[in-house]
Amino acid sequence: MPREILLAAAAGLAGGTLYTALLTGSVGGIMFAYLSQVPLFLVGLGLGLLPALIAGGVATLLVAVAGDALAALLFVLTSVGPLVVLVRQALLNRPTGAGRTEWYPPGLLVAWMAGIAAVGIVLSGFLLLDHPEGYEGAVRAMLQTAMGGMAPAGVSPESVEHFAGQLAGMFPGLVAVSWMLMMAVNGSLAQGLLVGLGRNLRPSPAMALIELPAWLLYAFGLSALVAVAVGGSVGYIARNLAIALTVPFFFQGLAVVHAVANRWAARTFALFMFYLVLIVLGWPAVLVTAIGLAEPFLRLRVRYGRPRAPEEE
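Residues numbered from 1 in each chain as written. Predicted model: local features only at pLDDT ≥ 70, side-chain atom pairs only at ≥ 80, totals over all residues. Heavy atoms only, no water.

## A short note on helix 4 (residues 49–66)
Here helix 4 is 18 residues long and its end C-alpha atoms lie 26 Å apart, about the 26 Å a rise of 1.5 Å per residue gives. For helix 4, the secondary structure elements touched by its buried residues are helix 1 (2–20), helix 3 (37–47) and helix 5 (69–90). (Helix = DSSP H or I, 4+ residues; strand = E, 2+ residues; numbered from the N terminus. Expected span 1.5 Å × (residues − 1). Contact = heavy atoms within 4.5 Å.)

## With respect to the packing of helix 12 (residues 246–261) against helix 13 (residues 267–281)
It is at 9 Å that the axes of helix 12 and helix 13 come closest, and there the two elements cross at 150 degrees. Of the possible angle classes, the one that applies to helix 12 and helix 13 is roughly antiparallel. For the element pair helix 12 and helix 13, the recorded crossing hand is right-handed. Between helix 12, through Phe250, Leu254, Val257, His258 and Ala261, and helix 13, the contact on the second element is made entirely by Arg267, Leu271, Phe274, Tyr275 and Leu278. By residue class, the composition of the contact of helix 12 with helix 13 is eight nonpolar, one polar and one charged. (Axes fitted to C-alpha atoms, helices over the stretch in contact; angles between N-to-C directions. Parallel < 35°, antiparallel > 145°, perpendicular 65-115°, else oblique. Left-handed = near helix turned anticlockwise from the far one by under 90°. Nonpolar A, V, L, I, M, F, W, Y, C, P; charged D, E, K, R; others polar.)

## Description of the side chain of His258
Residue placement: His258 occurs in helix 12. What makes His258 buried here is its relative accessible area of 10%. Among all residues touching His258, those that are not within four sequence positions of it are Met207, Ala208, Arg267, Leu271 and Tyr275. (Buried < 20%, exposed > 50% of the residue type's maximum accessible area, 1.4 Å probe, protein only.)

## Some details on the layout of surface pockets
Computed from the structure, the largest pocket encloses a volume of approximately 2,000 Å³. As for the largest pocket, its lining consists of 44 residues, and the residues nearest its centre are Leu74, Thr78, Phe171, Val175 and Trp179. Secondary-structure elements contributing two or more residues to the lining of the largest pocket are helix 2 (27–34), helix 5, helix 6 (106–128), helix 7 (134–150) and helix 9 (171–197). Element by element, the count of residues in the lining of the largest pocket is highest for helix 6, at ten residues. Considering only residue class, the lining of the largest pocket consists of 33 nonpolar, eleven polar and no charged. Approximately 1,400 Å³ is the volume attributed to the second largest pocket. As for the second largest pocket, its lining consists of 41 residues, of which Ala184, Val185, Ser188, Met207 and Phe251 are closest to the centre. Here the lining of the second largest pocket takes nine residues from helix 9, the largest share from any one element. (1 Å grid on protein atoms, 1.4 Å probe; cavity = no way out; pocket = protein on both sides within 12 Å on 5 of 7 lines; lining within 4 Å. Points joined across faces, edges and corners; volume = space filled by probe spheres on them.)

## Some words on the pattern of salt bridges
In the structure shown here, the tally under the stated rule is three salt bridges. Between Arg301 and Glu295 there is a salt bridge, with the nearest N and O atoms lying 3.1 Å from each other. (Salt bridge = Lys/Arg side-chain N within 4 Å of Asp/Glu carboxyl O.)

## Observations regarding a nonpolar patch on the surface
On the surface, Phe269, Phe272, Met273, Leu276, Val277, Val280, Leu281 and Trp283 cluster together to form a nonpolar patch covering roughly 830 Å² of accessible area. Considering the arrangement of structural elements, one finds Trp283 in the loop between helix 13 and helix 14 (284–298). (Patch = residues over 30% accessible without salt bridge, like charges linked within 9 Å, V, L, I, M, F, W, Y side chains within 5 Å. Areas by Shrake-Rupley, 256 points an atom, 1.4 Å probe, with all protein chains shown as cover.)

Printed below as a string of structure tokens:
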């Protein structure tokens, strides 16, 4: 246990240091901050929940010392808290009758991540509802202030105001999308490193087996409907919830791609080219999300794909 505590503390120092780079306000600092969850995930997925809590506590203390109490609170709400929840769920398992171990399904991990993001959007909406122009007006005002301070010389205040107004309509949803993708990337990086070192507590979930709970589809449909039919802050919250809730279906679309690729002899090369095109072009993500939304109705994995056999994992 003392060794685990030392490793957890070291990971906390690493994660906190990476996050404090955000306080510099530079682009490089933001990139370092994006990776601040990797050390915490390494401890959680490699040592367990208690070491993850210790690492999170050390990282939070470092952020509070380097920044202030507000920065530490933001770090807990956006990084440490959600990460601890996801680690706890990821490590849940139960024995099966065949003498094997059944681990918490990857689709439910994605659902937890989406649920946390949705709660964040709704709670921030309630906190900002007292603004004279409502939730969207508060977001627009904050964006105008931030962009006005970063705008290069020669850019007119009117241009800044127009761009802030355009971005404000989708900003909470886009932040949630970015947060979920980075959380997934950080967790996957940590799990990959642990598997390579032989220190992972659970096997890596098979991407082809991601299957979302039905409530996510209903939540997305209801959010989209309310966004179209209702105005004001309620419609604004619903619109951004709908944007955020596309992310789980993006992962389900990736599951379909992996299941189909499992039937090909050149699976690894095909997936490499797919992800290269996805990263370089970007727009295929929309098609992948549409496939994920259609999967509950079309069952494309059953028709055209197959899961990987245990010996292929």
